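These are the residues of each chain, in order.
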Amino acid sequence: VEPLGEGAPECEIKRDQGVVIVNESHPSYEEALRNRWTEVVVLRAVAARFAADVSATAAESYEVLDDILRFAANRSKRRRTGTMEDEPEEVLVEAV
């Protein structure tokens, strides 16, 4: 999480450097801090940026984003209910 400026994108992924930057100056991040839901905003920001970067169309981007958010929700539910024992993680998106 770094300040990139209010006009900068919510998230940047620099694959060549292996870096994901969430813009703490972005209005959505500031709102997340106020409401104490930064984890959700960071997940959505990174997932949306990744989906856009690996997709050729808006429909494909939405499908990738939906898959990521469903995966995260399922993982969170399994953690909360204690059903995470030795279950293999499903692969969301293969390395591009």
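Quick caveat: nothing in here was measured; it's all calculated off a predicted structure. (Residues numbered from 1 in each chain as written. Predicted model: local features only at pLDDT ≥ 70, side-chain atom pairs only at ≥ 80, totals over all residues. Heavy atoms only, no water.)

### Some points on the layout of surface pockets
Then comes step 1: The volume enclosed by the largest pocket comes to roughly 220 Å³.
Then comes step 2: Around the largest pocket sit ten residues that line it, and E39, L43, A72, S76 and R79 are the ones nearest its centre.
Then comes step 3: Secondary-structure elements contributing two or more residues to the lining of the largest pocket are helix 2 (38-54) and helix 3 (58-81).
Then comes step 4: For the lining of the largest pocket, the element with the highest residue contribution is helix 3, accounting for six residues.
Then comes step 5: Classifying every residue of the lining of the largest pocket gives six nonpolar, one polar and three charged. (1 Å grid on protein atoms, 1.4 Å probe; cavity = no way out; pocket = protein on both sides within 12 Å on 5 of 7 lines; lining within 4 Å. Points joined across faces, edges and corners; volume = space filled by probe spheres on them. Helix = DSSP H or I, 4+ residues; strand = E, 2+ residues; numbered from the N terminus. Nonpolar A, V, L, I, M, F, W, Y, C, P; charged D, E, K, R; others polar.)

### Focus on the nonpolar core
In a soluble, globular protein the nonpolar side chains are often hidden away together inside.
Then comes step 1: Core analysis: the largest hydrophobic core is formed by six residues, namely A47, F50, A51, V64, L65 and I68.
Then comes step 2: Contributions of two or more residues to this core are made by helix 2 and helix 3.
Then comes step 3: Not counting residues up to four positions away in its chain, the partners in contact with A47 are L65 and I68. (Core = buried A, V, L, I, M, F, W, Y, C linked by side-chain atoms within 4.5 Å. Buried < 20%, exposed > 50% of the residue type's maximum accessible area, 1.4 Å probe, protein only. Contact = heavy atoms within 4.5 Å.)

### Observations concerning a negative patch on the surface
Then comes step 1: On the surface, E2, E6, E24 and E30 cluster together into a negatively charged patch.
Then comes step 2: Following the sequence through the fold, E6 ends up in the segment before strand 1 (11-14). (Patch = residues over 30% accessible without salt bridge, like charges linked within 9 Å, V, L, I, M, F, W, Y side chains within 5 Å. Areas by Shrake-Rupley, 256 points an atom, 1.4 Å probe, with all protein chains shown as cover. Salt bridge = Lys/Arg side-chain N within 4 Å of Asp/Glu carboxyl O. Lys, Arg positive; Asp, Glu negative; His and termini not counted. Charge placed at Lys NZ, Arg CZ, Asp CG, Glu CD.)

### Let's talk about the environment of E60
Then comes step 1: Assignment of secondary structure puts E60 in helix 3.
Then comes step 2: You can call E60 partly exposed: its relative accessible area is 34%.
Then comes step 3: In this structure, E60 is in contact with V54 and S55, ignoring residues within four places of it in sequence.

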